[in-house]
Amino acid sequence: MKNKKVKVVVTGGAGFIGSNLVDALISEDFNVHVIDNLSGGKKENVNKKAKLHIADITDLKQIKPIFKKAEYVFHLAALPRVQYSIEHPKETNEANVNGTLNVLIASKGAGVKKVVYSASSSAYGDQKIMPLKEDMKASPKSPYGLQKHIGELYCKIFSDVYSLPTVSLRYFNVYGPRQSSEGAYALVIAKFLKQKAEGKMMTITGSGKQTRDFTHVSDVVRANILAMKSNKVGKGEVVNIGCGNNQSINKIAKLIGGEVAYIPARLEPKDTLADNSLAKKLLSWVPKVKIEEGVAWLKE
């Protein structure tokens, strides 16, 4: 089936995960419209075959016309990072809560068939039991975690009250091509690779024994497309998208190779580990990329 006439909107499509998703949608012949204010995304990340709208999701009037005749919406635009949200709770709330509400309002108005929302494993906070399952009580430990969880609740409300099909994908520590290595909030793998390339020591916060369920961006992209196509989701379900295999930060440093320096710990969950059985059941999704393989690709 050719999808040339099927219009999809990707918010945050100039960013790390969004631009990878746009590439995959273009390869499947969708008519892709990207909404991005370029605060975190880059113009050069956007596939030339996609239509880029430089617009802000916090401005409903500005984005609403872009949704006209769209059949599917992937909502990835956000002000990410836990630490940044702690320092900037108001700005991050504006983008992550009000922006999400605007995307849902615009989608409802356009009669969209499904909204796939990029949620976050940070909604779990620190849980005593691993792996993390979707039926656990959310316990966010940061404004970012709270804001992303509110987005999930809004998606559920829009499905229940307005009959707008939605599904929320809770990502676990996504890494891969185009990941950000800039600033204090850079993703750890990208940061380590940049530090090594510059001949610097890799800085590890705390003991480095904290673990993360690193998930390759290609697996996350596939999960988004499967969620769009699956007739088993659309009622505001929350689904973990994680490898189901966590690694310590010390191990990541070892895989990259080089000298390390330990710096003071910061406020963050000690461990994350996804139970991804629901994703297998509802989306027929299983992760394909092992961490050793994913890091090796980035080192090339």
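Before going into details, it helps to say that this report is about the structure given with it. Keep in mind that what you see is a predicted model, and the values were worked out from it rather than measured. (Residues numbered from 1 in each chain as written. Predicted model: local features only at pLDDT ≥ 70, side-chain atom pairs only at ≥ 80, totals over all residues. Heavy atoms only, no water.)

1. A word on the overall build of the protein chain
Rule in force here: A helix here means a DSSP run of H or I that spans at least four residues, while a strand means a run of E at least two residues long, and both kinds are numbered starting from the N terminus. Computation of the radius of gyration draws on C-alpha atoms, with the globule rule given as 2.2 Å multiplied by the number of residues to the power 0.38. Buried, partly exposed and exposed residues are distinguished by accessible area as a fraction of the type maximum, computed with a 1.4 Å probe on protein chains only: under 20%, between the cut-offs, and over 50%, respectively. All accessibility values rest on the Shrake-Rupley procedure with a 1.4 Å probe; residue burial counts only the protein chains present in the view. In this tally Asp and Glu are treated as negative and Lys and Arg as positive; neither His nor the chain ends contributes. For the purpose of locating charges, the reference atoms are NZ of Lys, CZ of Arg, CG of Asp and CD of Glu.
Regarding its fold elements, the protein chain presents 10 helices and 13 strands. On C-alpha atoms alone, the protein chain measures out to a radius of gyration of 18 Å, which is about the 19 Å that the 2.2 N^0.38 rule sets for 300 residues. C-alpha atoms of the protein chain, sized along the principal axes, occupy 55 × 40 × 40 Å. Scored against the burial criterion, the 300 residues of the protein chain give a buried share of 52%. Summed over its atoms, the accessible surface of the protein chain is roughly 13800 Å², and 55% of this surface lies on carbon and sulfur atoms. Averaging the positions of the 45 positive and the 28 negative side-chain charges in the protein chain gives two centres separated by 4 Å.

2. Some details on the pattern of salt bridges
To be explicit about the condition: Salt bridges are defined as contacts in which a side-chain nitrogen from Lys or Arg sits within 4 Å of a carboxyl oxygen from Asp or Glu.
With the rule as written, the count across this model stands at 11 salt bridges. Ionic pairing is found between E152 and R170, a salt bridge with its closest N-O pair at 2.6 Å. Residue E152 is located in helix α5 (residues 143–162), and its partner R170 is located in strand β6 (residues 166–171); the two are separated by 18 residues in the primary sequence. Using a relative accessible area of 3% as the deciding quantity, one classes E152 as buried. With its nearest N and O atoms 3.3 Å apart, the salt bridge here joins K194 to E198. Owing to a relative accessible area of 29%, K194 belongs among the partly exposed residues under this scheme. Judged by relative accessible area, E198 falls into the partly exposed class, the value being 40%. When salt bridges that share partners are traced, they join K194, E198 and K200 into one network.

3. What about the side chain of N47?
Let me state the cut-off plainly: Side-chain atoms alone can form a polar contact between residues adjacent in sequence; in general such a contact is a pair of N or O atoms within 3.5 Å, and within protein one must be able to donate a hydrogen while the other accepts it. Residues are treated as being in contact if the distance between any of their heavy atoms lies within 4.5 Å.
Mapped onto the fold, N47 is located in the loop between β2 (31–36) and β3 (51–54). Within the local environment of N47, its side chain forms a polar contact with the side chain of D23, the two groups lying 3.1 Å apart. There is a polar contact of 2.9 Å between the side chain of N47 and the backbone nitrogen of K49. Look past the residues within four positions of N47 in its chain and what remains in contact with it is V22, D23 and I26.

4. Observations concerning the sheet that holds strand β1 (residues 7–11)
How we decide: Each pair of strands is called paired provided DSSP finds at least two bridges between the two strands. Every axis corresponds to a line fitted to the C-alpha atoms, with the helix fit spanning only the stretch in contact, and the corresponding angles, defined between N-to-C directions, vary from 0 to 180 degrees.
Taken in spatial order, the 7 strands of this open sheet run β3-β2-β1-β4-β5-β6-β11, and their pairing is parallel. Unpaired on one side and paired on the other, β3 and β11 (235–241) mark the two borders of the sheet. On average, adjacent strands in this sheet sit at an angle of 20° to one another, irrespective of strand direction. Across 6 bridges, strand β5 (residues 114–120) lies against β6 in parallel orientation. Directly across from S118, in β6, lies its bridge partner L169. Packing against the sheet, helix α1 (residues 16–27) makes contact with β1, β2, β4 (72–75) and β6, and its axis sits at approximately 165° to β1. Where helix α4 (residues 89–110) meets the sheet, it contacts β1, β4, β5 and β6, and its direction lies at approximately 180° from that of β4.

5. Comments concerning the packing of α1 against helix α7 (residues 217–229)
Note the cut-off: Each angle gets one of four labels, with under 35 degrees taken as roughly parallel, over 145 as roughly antiparallel, 65 to 115 as roughly perpendicular, and the rest as oblique. We call a crossing left-handed when the near helix sits turned anticlockwise from the far one by less than a right angle, and right-handed when that turn is clockwise. Lys, Arg, Asp and Glu make up the charged group, whereas Ala, Val, Leu, Ile, Met, Phe, Trp, Tyr, Cys and Pro make up the nonpolar group; the residues left over, Gly among them, are polar.
Running from amino to carboxyl end, α1 crosses α7 at an angle of 60°, the nearest separation of the two axes being 9 Å. One way to sum up the angle between α1 and α7 is to call them oblique. For the pair α1 and α7, the crossing hand works out as right-handed. Of α7, the residues touching α1 (which contributes F16, I17, N20, L21, A24 and L25) are V217, V220, V221, N224 and I225. Taken together, the residues of the contact of α1 with α7 sort by class into 9 nonpolar, 2 polar and no charged.

6. Things to note about the side chain of Q195
As for its placement among the helices and strands, Q195 is situated in helix α6 (residues 188–197). A relative accessible area of 11% places Q195 in the buried class. Looking at Q195, its side chain comes within polar contact range of the side chain of T203, at 2.9 Å.

7. Focus on the packing of aromatic side chains
Aromatic ring pairs: the centre-centre distance and the angle between the two ring planes describe each pair. So the rule is basically this: Only centres within 6.5 Å qualify two rings of Phe, Tyr or Trp (six-membered ring in Trp) as a pair; their planes then separate them into stacked at under 30 degrees, edge-to-face at over 60, and tilted for everything else.
The full count for this structure, using the stated rule, is 3 aromatic pairs. The interplanar angle of 40° and the centroid separation of 6.2 Å between the aromatic rings of Y124 and F172 together place this pair among those described as tilted. Taken together, the positions of Y124 in the loop between β5 and α5 and F172 in the loop between β6 and β7 (174–175) put the pair 48 residues apart, joining distant regions of the chain. Considering the side-chain rings of F158 and Y162, the 4.7 Å spacing of their centres and the 50° angle between planes classify their relative orientation as tilted.

8. Examining the packing of α6 against helix α8 (residues 249–256)
Between α6 and α8, whose axes approach to 10 Å, the crossing angle comes to 40°. Here α6 is positioned oblique relative to α8, judged by the angle of their axes. Relative to α8, α6 is oriented so that their crossing is right-handed. Side by side, α6 and α8 meet where V188, I189, F192, L193 and K196 of the first sit next to I249, I252, A253 and I256 of the second. Among the residues making up the contact of α6 with α8, the classes are represented as 8 nonpolar, no polar and 1 charged.

Geometric descriptors of this kind do not, in isolation, establish any biological role.
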